[in-house]
2 protein chains.
Amino acid sequence: MAARMTRQRTAVVEALDEIADFRSAQQLHETLRARGESVGLATVYRALQALAEASEVDVLRAEDGESLYRRCARREHHHHLVCRMCGRTVEIDGPTVEAWASKVAAAQGFDDIEHTIELWGTCADCRATAAS
Amino acid sequence: MAARMTRQRTAVVEALDEIADFRSAQQLHETLRARGESVGLATVYRALQALAEASEVDVLRAEDGESLYRRCARREHHHHLVCRMCGRTVEIDGPTVEAWASKVAAAQGFDDIEHTIELWGTCADCRATAAS
DNA sequence: CGATCTTTGACAACGGTTCTCAACAGGCGT
DNA sequence: ACGCCTGTTGAGAACCGTTGTCAAAGATCG
């Protein structure tokens, strides 16, 4: 059960530290391969899974269902505004929304409440690129 | 391009009308089969797709990525509080949240904004069942 | 009724993710 | 330093929800 620090896990964490945007496991795998780090795809998935479980990375689902990962600046609970084209991300928090969510859910007799609040859009750069 | 009203499409719509909770395409297919209506799985998927496109049904992604469908009472924009065990659903709207979302996104220079706001929990009934 | 043209359905294909299992390598004890 | 023990790796298979294929079936119109 002791988490060993292997070359592969280190590589995944380092890659995440350098990338500011949300990326899929496959994109990350691609990146590692490209920079010469030989890491298996399954290993990337496992590393991300472990990191997510330890709250070291945030996970969210793209509109097509693919999982995207990101190492966030703050470890506290927060949400994201993500560019659906390039993955560019802005961290957001909404104290108002949090309160609203738990109040509404509790009023209906629901327990173990969890909420998904994500904002998707097209960032200024991508809009410019798409226009050309 | 003219949408023909076939036996299969009618069956899917009728099933949705009778079920108040979010269900997956496969569950719906199962239900139709069980009641004697012979409908192909691909057809169920296509029917749901068409209905979703016409805003006749709401779609949302379960935590494992599966798509869930539901015929909602109101066609206007709204959100859901869903029981993650049985799919039981309560429709919700949050005018405050809507305003907050678009304001935040616009402030960051993002366009074509879309937001995902869903609440997950365990309903009173399922909690009781799980405890026994 | 017949012609036309969409829809159907069994099955294959797809894409992301997880599983399998033998080879491998941290890291602790000596 | 050396081995051993045990967690980890990786190539490929398996999985599972979903979409594509294409010949046969059926809805609609004249």
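Residues numbered from 1 in each chain as written. Chains lettered and ligands numbered in written order. Predicted model: local features only at pLDDT ≥ 70, side-chain atom pairs only at ≥ 80, totals over all residues. Heavy atoms only, no water.

Asks: Is there a simple way to explain the relation of the copies chain A and chain B in this structure?
Replies: Copy one and copy two of the chain differ by a rotation about an axis and a translation along that axis. Each copy of the sequence occupies a distinct position, and chain A is placed on chain B by a rotation of 179° and an axial shift of 0.1 Å, giving an RMSD of 0.1 Å. Taken together, the rotation and translation relating the two chain copies correspond to the operation of a two-fold axis. The C-alpha atom lying nearest the rotation axis in chain A is that of I117(A); the distance is 2.2 Å. (Least-squares fit on C-alpha atoms with pLDDT ≥ 70 in both.)

Asks: What is the right way to look at the protein's contact with DNA strand D in this model?
Replies: Among the 24 residues in the neighbourhood of DNA strand D, the closest are listed as T6(A), R9(A), R46(A), R4(B) and Y45(B). Take the atoms of DNA strand D that sit within 4 Å of the protein: sugar and phosphate atoms are 66% of them. Between DNA strand D and S38(A) there is a distance of 3.4 Å, counted from a phosphate oxygen to a backbone nitrogen or oxygen. At 2.9 Å from a phosphate oxygen of DNA strand D is found a main-chain nitrogen or oxygen belonging to G40(A). Broken down by secondary-structure element, the contributors of at least two residues to the surface near DNA strand D are α1 (7-18) and α3 (41-53) of chain A together with α3 (41-53) of chain B. With four residues, α3(B) is the largest single contributor of residues to the surface near DNA strand D. (Near = heavy atom within 4 Å. Polar contact = N/O pair within 3.5 Å; in protein donor to acceptor, adjacent residues only side chain to side chain. Helix = DSSP H or I, 4+ residues; strand = E, 2+ residues; numbered from the N terminus.)

Asks: Explain the interface of chain A and chain B here, please?
Replies: One frequently used descriptor of interface size is the decrease in accessible area upon assembly of the parts. Each partner contributes residues to the interface: chain A has 37 residues there, and chain B has 37 residues. A salt bridge links R127(B) to D111(A); the shortest N-O distance between them is 3.1 Å. Along the contact surface separating chain A from chain B lie 16 residue pairs in polar contact (both at pLDDT 80 or more). Contributing elements (two or more residues each) for the side of chain A that touches chain B: β4 (79-83), β5 (89-92), α4 (95-107), β6 (111-122) and α5 (124-131) of chain A. When residues in the side of chain A that touches chain B are grouped by element, the largest group, twelve residues, is from β6(A). Grouping the constituent residues of the side of chain A that touches chain B by class yields 17 nonpolar, nine polar and eleven charged. (Contact = heavy atoms within 4.5 Å. Salt bridge = Lys/Arg side-chain N within 4 Å of Asp/Glu carboxyl O. Nonpolar A, V, L, I, M, F, W, Y, C, P; charged D, E, K, R; others polar.)

Asks: Help me understand the nonpolar core, please; the structure alone is not making it clear to me.
Replies: Grouped together as the largest cluster of nonpolar side chains are 28 residues, with contacts concentrated most on W100(A), L119(A), W100(B) and L119(B). Those elements giving two or more residues to this core turn out to be β4, β5, α4 and β6 of chain A together with β4 (79-83), β5 (89-92), α4 (95-107) and β6 (111-122) of chain B. Apart from residues no more than four positions distant in its own chain, L119(B) is found in contact with W100(A), A101(A), V104(A), A105(A), E114(A), H115(A), H80(B), L81(B), V82(B) and I92(B). (Core = buried A, V, L, I, M, F, W, Y, C linked by side-chain atoms within 4.5 Å. Buried < 20%, exposed > 50% of the residue type's maximum accessible area, 1.4 Å probe, protein only.)

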